[in-house]
Amino acid sequence: MIFTILATLLLHVAYRGKRKVIMSIALKILVVIFLSGIKFMFAIPLSIIKYDFTFIQTLLFSVVGGVLSIFVFSYLSDKIYKLIKKRRQNKVKKRSVKKALAIKTARKYGLVGIAFLTPIFLSIPIGTYLALYFFPEKRKTIPILITSVVAWSLVLSVALTSF
């Protein structure tokens, strides 16, 4: 949210010169890509409503941001899991309500359910971590997550550009 506000303020300053207009377009693209990787649900409306991107631009930038985020967080998920495992070695294992809910969801809906929920309801970093935690085979998990990002990007872009 703070990043979006700062980017919007920078865009207003950037419109003064011809050279800076190009920077403002690049900054808009970077904002959409970055936001797609973190909070996917907010990136597409921002791209269409605030920045006036076309359907193709919105689809392209949101997919690029989401896919990059999946790759980055799939790489980091191994490191995060190892760090958490080291910290919990000496502690007594307790099952929290959140962990129990995550386990129940993963067992009931599987990888497809987690991938379906990831871009919209979960964030891409959290969804990627959960998917790789419960389904650690990356060759199977990552393509399903990417398919979900592309599908949600297509659905939201069509829905918002149609109205």
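Our structure is the block above this text.
All chains use their own residue numbering, which begins from 1 and follows the written sequence. Note on the predicted model: pLDDT of at least 70 is required for a residue's local features to be given, and 80 or more for side-chain atom pairs to be given and counted; whole-chain, interface and lining totals, by contrast, use all residues. Hydrogens and water are ignored here; the side-chain numbers use all heavy atoms of the structure.

1. A word on the nonpolar core
General note: in soluble globular proteins, nonpolar side chains tend to be found buried as a group. In plain words, nonpolar cores are sets of buried Ala, Val, Leu, Ile, Met, Phe, Trp, Tyr and Cys residues tied together by side-chain atoms within 4.5 Å. Buried, partly exposed and exposed residues are distinguished by accessible area as a fraction of the type maximum, computed with a 1.4 Å probe on protein chains only: under 20%, between the cut-offs, and over 50%, respectively. Core analysis: the largest hydrophobic core is formed by 16 residues, its most contacted members being Phe-40, Ile-70 and Leu-156. Every element with two or more residues in this core is listed here: helix H3 (40–50), helix H5 (97–117), helix H6 (124–134) and helix H7 (138–162). Labels follow the DSSP assignment, with helices taken as runs of H or I lasting at least four residues and strands as runs of E lasting at least two, numbered in each case from the N terminus. When residues in this core are grouped by element, the largest group, five residues, is from H7. Here, residues are in contact when the closest pair of their heavy atoms is within 4.5 Å. Apart from the residues lying within four places of it in its own chain, the contact partners of Leu-156 are Phe-40, Met-41, Ile-44 and Ile-120.

2. Overview of the packing of aromatic side chains
Working definition: rings of Phe, Tyr and Trp (its six-membered ring) pair if their centres are within 6.5 Å, and the pair is stacked with planes under 30 degrees apart, edge-to-face with planes over 60 apart, and tilted otherwise. Here the structure, examined in full by the defined rule, presents five aromatic pairs. With centroids separated by 6.1 Å and ring planes inclined at 25 degrees, the aromatic side chains of Tyr-129 and Tyr-133 adopt a geometry described as stacked. Taken together, the positions of Tyr-129 and Tyr-133, both in helix H6 and four residues apart, correspond to about one turn of that helix. The exposure class assigned to Tyr-129 is partly exposed, which follows from its relative accessible area of 22%.

3. Observations regarding the side chain of Thr-141
Following the sequence through the fold, Thr-141 ends up in helix H7. Engagement of the side chain of Thr-141 in a polar contact is seen with the backbone oxygen of Phe-135, the distance being 2.7 Å. The definition of a polar contact used here is a pair of N or O atoms within 3.5 Å, where within protein one atom must be able to donate a hydrogen and the other to accept one, and adjacent residues in sequence count solely through side-chain atom pairs. A polar contact of 2.9 Å, which involves the side chain of Thr-141, links it to the backbone oxygen of Glu-137. In this structure, Thr-141 is in contact with Leu-111, Ala-131, Leu-132 and Phe-135, ignoring residues within four places of it in sequence.

Read these as geometric descriptors, not functional statements.
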